[in-house]
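Structural features, examined
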Amino acid sequence: MTIRHIPLPILIGIAIILLTLICALFAPWIAPYGETEVVGDVWQAPNDHFLFGLDNLGRDLLSRLIYGARITVFVALSATVISFTLGIVLSFTAAVSKGIVDTTLSRLNDLMMSIPTLIFALVLLTAVPQNLTTLILVMAILDSTRVFRLGRAVALDVAVMDFVEAAQLRGEGTWWIILREILPNTLSPLLAEFGLRFAFAILFLSTLSFLGLGIQPPYADWGGMVKDNKDGIIFGISAALIPGAAIAILSVSVNLVVDWMMKRTSSLKGGRGDA
Amino acid sequence: MTELPHKPSGSRLPFHQRFPLAIRIGERLLLSLLLLLAVSVLIFGGIEVLPGDFAETYLGQSATPTAVANIRSELGLDRPLTVRYVEWLRALVQGDFGTSWASGSSVSEQISKRLGNSLFLAFCAAVISIPLAVGLGLVSVRYRNRIPDRLINIVSLTAVSLPEFFVGYLLIMVFVVQIGGAAFPATVYEGMSLPDRLNAIALPVATLVLVVLAHMMRMTRAAIISVMSSAYMETAELKGLGKFRAIVRHAAPNALSPIINVVALNLAYLVVGVVVVEVVFVYPGMGQFMVDAVTVRDLPVVQACGLIFAAIYILLNMLADILAIIANPRLRHPR
Amino acid sequence: MPDKLEKSSPKGQMLSVRNLKIEATSYPQGGAPRRISIVDDISFDLGKGKVLGLIGESGAGKSTIGLAALAYGRGGVEITGGQVLLDGEDLLTASNTRIRQIRGSRVCYVSQSAAASFNPAHRLGEQVVEAAIRHKLMNREEAHKRACHLFSILGLPDPHTFGSRYPHQVSGGQLQRAMTAMALCSSPDLIVFDEPTTALDVTTQIDVLAAIKHAIEETGTSALYITHDLAVVAQVADDIMVLRNGRTVEYGPVQKIIDAPSEDYTRKLVNVRSIRHSQASGQNLPFFEMIGITAGYAGGVDVLHEVSLHVAKGQTLAIVGESGSGKSTLARVATGLLPPSSGEVVLDGQELRPALKQRSRDELRKVQLIYQMADTAMNPRQTVGDIIGRPLTFYDGLRGSARKAKVVELLDQIEMGKAFIDRYPAELSGGQKQRVAIARALAASPELIICDEPTSALDPLVADGILKLLLDLQAERQLSYVFITHDIAIVRAIADSVAVMFQGELVRFGPKSDVLSPPFDDYTDLLLKSVPEMRPGWLEEVIASRKQASADN
């Protein structure tokens, strides 16, 4: 598999994801101005110094965009990692132990999923103090219900295979069965799901921030930047559209790459899987 | 050996074997009711078990011990949780959602106007998006793996990844600022004529349609493809039936139930999409109301809105399941 | 029903296939797509009212040829050369409209799995008459009358009301007959039967087979009969074509193919199951014993009732029965996967604890299981070396080079060689996979191996090789086998003692020579008589003797 076999749109997608990660990691060195530094007039139009223009308080949009990548990616990624760990551990436990454990966990999960995610988040965010930790935890816990559902289905698909029964007949322990027999056979769908959940986390975080319930000012995050600048839209000032487009482009890129990866690996039934 | 004895039909069989359909639907109704009750517990009780004292959070910076104690007794937070829950539920069954902490007025009254607005918005979006999604899904299957299908695939994949507010502001930028003519903000009021009302909500509806269409279309396509690749479709082809006849007679009855499911799922999604779209277009609906209440931590309003949104969501999912049960020939015609 | 017009092609043949060539495009992972040939240079003639049997192993291209008679390529295969002449008209050059006219009216198809081929949303009767009505061969009333008539010819219960049922309301055997009725309803010139009885139990198979044969004779249609079982095709066909890898091996009248095959491959097919294992004497010293086993699944009724049987050291006990007889449940009880509600399992004089979790590692080691589907019995992400090596590490603590040496030794014993050690299961053939599964069982140094239909998913010649291997290993290592099967021929070939199961009960148990000779109980009699024999005329004899028996009662 070489780089030439990857279609162009996918290559662009990968490049955008990498660019975002680089911005997130090295924001202070890349950004031309400070995150909260006021450098000119309110909503000043783009020029040679300010590539994307200035925002509602006269801060450089490009710099804030780069800093925004940092917090947006950090929160979305942390939430995804936590939700994944939680969802996978619980779902595999449910699938392997069956019986009452499975029933209890599954019913609880059904209950959580019967409230729309955004609505549930709104209810929870009313009650908890607003800070990064609670935000990440609320996002992670709500999202883990989706991971649980997929993880359980995938694990059950594999758990009914004869080779798992053969391992039980040999006398293998539960952890060996989960780690050595089941997990390797569920990696590709789970990997794809991780990508999709990450894309969703970016959208979800941005939505919360846009509603004023996510990351709090003065920190720059993409959803919050849309909220800050939305009043300019009606005057034809596109400052709100730029962070919106950044969210859209990153999310499209992740989805494209994941979609492509799923198509490539879905035909693989085993063997030297390159997923 | 394996031939089944012909079972005596009708009256002697127990009820649940004669009417498995009724039983299944009854079960599903009961389940929804239980779910709704559990959700009410979650929405009411969940907040209480969360870490941090609500009164402190409510007051924020100004949380002195006396202020906290005052606010607790003022809001009735000093009484036991179960007592408050039972009271809340009892009032709720009578249609009373309590009093807003922020405005001091009745929550039910405020919600009743806004709920209608939100449902109207969602309804208009549904009326446009459902036929469009099913139609595009059919086109996509008809030209499977050819240019129209690939085009639809890429466009819909992109649309799925766009945040609602971005689509909304983009539409405002184009149709209000650049071209002009579309209404913003989407203000509606009582006694507004239907054409005016429709004009006001044109952009919010367009946003919702764009967002929900892609999801619905992709799922419809998958559902149709799974039916089209089944063995009985090959049988139809080998019977020499025309493509149209095969689709109408053999694919459609079986694709109906998965498509109904897709539609219901996305309608539920629509209900939530309303929240963001209402904020973008400053539309006086439930979503905007709830977000405002969350910002000022007006708990009774948040709980009421949360419960109503969840109830609509549960109701739609239940409808989908019941329709799927009815569409299943195995249950309609028991052995 | 209108009388069928006499149609005759120049040569008086209903179907003539000339130099048929069928190809497909395969898309190997990471490589460029390439054309592969599926069927090459096939020619045959089928006269009016005659039946041609197409026989071969999986991958021989027999179904593909059958579907070519309807000018249909399944799943991306393309008919790229030759002629398919139906009554002198070439279907391969016909227009789409013309082909649609022919399908369902002049050529019809009966698939292997009627259960999937019927639309679950419509009544059987509606689906049976649909083609006849759509092609305007008869009006609705006539069509339903004919369907009714066919239901009764095919021996379906309540022919007048049968059509008003839905597919899920009738059994598999009935569905297969209904599918035959669907094909016959338009009074076609030709019917393609694609393994119509393969998915059925043996006792059901002969009923359906007899019904199909009767219906073909009654209606005078021509037929292509596709199967992998030579004994089955010998009952219905006039001519047989033996296929291998998409090419003709031998083509001729049934009698000649069976009595005097000229090709080596055909001879092997005719003589399959030629293993003769002489029955061991002294079977009364039980090595493995199940005593009074009653078992069932949670919340359900009992699947096994008071079953007692045993096998001696180094011998084979065959357990025969049809689906639902409880034979696989017996294996689950023996291995501890399903603890019985009463009764005990004894190995070498020691009672094995009922549940898997209670058994010691050494007890687990002694009893090994070989599965029917080698595909799902091995982790697709592990190499052959890992699969065979794990029991060595787990039970004996072997690692590194010691383990590898032992794996190579085992690979040698299953006649595969050490080149396979780094292969993944996906890179093996069906027979090779089953051999690896045997090696994995051997790696545990077991004393008893339970074989759950290990050959039923394999082609007959490959299955033969597996059976021979099992017998050799038994002689070498004094292994005891409990061999679960539905195939009496296998029982004859390898068993020392036999247990016959029916609906969860043991109906007959003892040395093979006793169980397989009269006097029989009713079920064993039926079972034995249902096994097709490789001679024409056998089917008629069985049906006649059954009629006789029911007349006597």
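These numbers were taken from a predicted model, which means no experiment stands behind them.

Residues and elements named next belong to chain A. The predicted model of chain A averages 84 in pLDDT, with 94% of residues at 70 or higher. Looking over chain A, one finds the lowest element-wise mean pLDDT in helix 9 (residues 241–266), namely 84, and the highest in helix 6 (residues 162–170), namely 91. This stretch, residues 266–275, has a pLDDT under 50; its non-local contacts, to residues over four places away or in other chains, come to 23 contacts.

Turning next to the sheet that holds strand 11 (residues 286–296) of chain C. Strands pair in a sheet through their backbones, by hydrogen bonds, and they do so in one of two ways: parallel or antiparallel. Residues and elements named next belong to chain C. Strand order in this open sheet of four strands is 12-11-14-15, and the pairing throughout is antiparallel. Edge positions in the sheet fall to strand 12 (302–312) and strand 15 (350–352), since each has one partner strand and no second. With strand direction ignored, the average angle separating the axes of adjacent strands in the sheet is 25°. With five bridges connecting them, strand 11 and strand 14 (residues 342–347) associate as antiparallel partners. If you follow Ile-291 over to strand 14, its bridge partner there is Glu-344.

Quick look at the interface of chain C and chain A now. Between chain C and chain A, the residue contacts involve 20 residues of the former and 17 residues of the latter. At the level of elements, helix 13 (361–366), helix 14 (374–377) and helix 15 (384–396) of chain C are the ones that each hand at least two residues to the side of chain C that touches chain A. Here the side of chain C that touches chain A is composed, by residue class, of 13 nonpolar, four polar and three charged.

On to the interface of chain B and chain A, then. Of the residues lining the interface, 41 residues belong to chain B; the matching set on chain A comes to 38 residues. Those elements that provide at least two residues to the side of chain B that touches chain A are helix 2 (20–49), helix 3 (54–59), helix 7 (147–160), helix 8 (164–178), helix 12 (243–281), helix 13 (286–295) and helix 14 (299–327) of chain B. Among the elements that line the side of chain B that touches chain A, the one with the most residues is helix 8 of chain B, at eight residues.

With that settled, consider helix 10 (residues 202–228) of chain B. Residues and elements named next belong to chain B. Compared with an ideal rise of 1.5 Å per residue, which puts 27 residues at 39 Å, helix 10 spans 36 Å between its outermost C-alpha atoms and is within 8% of the ideal. At Leu-213, helix 10 shows its largest kink, close to 30°. When you tally the buried positions in helix 10, you get 19 out of 27 residues, the bulk of the element.

Residue and element names in this part refer to chain C. Domain boundaries assigned for chain C yield domain 1 (10–272) and domain 2 (284–517). Relative to domain 2, the C-alpha centre of domain 1 lies at a distance of 37 Å. Every contact between the two is made by nine residues of domain 1 and, on the other side, seven residues of domain 2. Contributing elements (two or more residues each) for the side of domain 1 that touches domain 2: helix 8 (202–219) and helix 11 (264–270). Here the side of domain 1 that touches domain 2 is composed, by residue class, of three nonpolar, three polar and three charged.

Residue and element names in this part refer to chain C. Most of strand 9 (residues 239–244) sits inside the fold, with five of its six residues counted as buried. The pairing of strand 3 (residues 51–55) with strand 9 spans four bridges and is parallel. Each bridged residue has a counterpart across the sheet, and for Ile-55 the counterpart in strand 9 is Val-242. Alignment of strand 9 against strand 10 (residues 247–253), held across six bridges, turns out to be antiparallel. Within strand 10, the residue paired with Ile-240 across the bridge is Gly-252.

The next subject is the UniProt feature "transmembrane region" (unreviewed entry) in chain A. Residue and element names in this part refer to chain A. Per the UniProt record, "transmembrane region" (unreviewed entry) is found at residues 6–27, 71–95, 115–142, 194–213 and 233–258. Annotated as residues 115–142, this span is 79% helix and 0% strand, and its ends, taken at the C-alpha atoms, are 10 Å apart. The span residues 233–258 is 69% helix and 0% strand, and its two end C-alpha atoms sit 33 Å from each other.

Looking now at the nonpolar core. Formed by 237 residues in total, the largest nonpolar core has its most connected members in Met-139 of chain A, Met-290 of chain B together with Ala-69, Ala-181, Cys-185 and Leu-224 of chain C. Here this core gets 19 residues from one element, more than from any other, and that element is helix 12 of chain B. If near-sequence neighbours (up to four positions away) are discounted, Ala-181 of chain C is found in contact with Val-128, Ala-147, Leu-150, Phe-151 and Leu-154 of chain C. Core analysis: the second largest hydrophobic core is formed by 96 residues, Val-154 of chain A together with Ala-295, Ile-319 and Leu-467 of chain C among them.

Reading the values: rules and limits
- Residues numbered from 1 in each chain as written.
- Chains lettered and ligands numbered in written order.
- Predicted model: local features only at pLDDT ≥ 70, side-chain atom pairs only at ≥ 80, totals over all residues.
- pLDDT = per-residue confidence, 0-100.
- Helix = DSSP H or I, 4+ residues; strand = E, 2+ residues; numbered from the N terminus.
- Contact = placed C-beta atoms within 7 Å.
- Pairing = 2+ DSSP bridges.
- Axes fitted to C-alpha atoms, helices over the stretch in contact; angles between N-to-C directions.
- Nonpolar A, V, L, I, M, F, W, Y, C, P; charged D, E, K, R; others polar.
- Expected span 1.5 Å × (residues − 1).
- Bend = angle between axes of the 7 residues up to and from the residue.
- Buried ≥ 20, exposed ≤ 12 C-beta atoms within 10 Å, placed from the backbone.
- Domains from an automatic or database assignment.
- UniProt positions renumbered as here; feature names shortened; annotations may be inferred.
- Core = buried A, V, L, I, M, F, W, Y, C linked by C-beta atoms within 7 Å.

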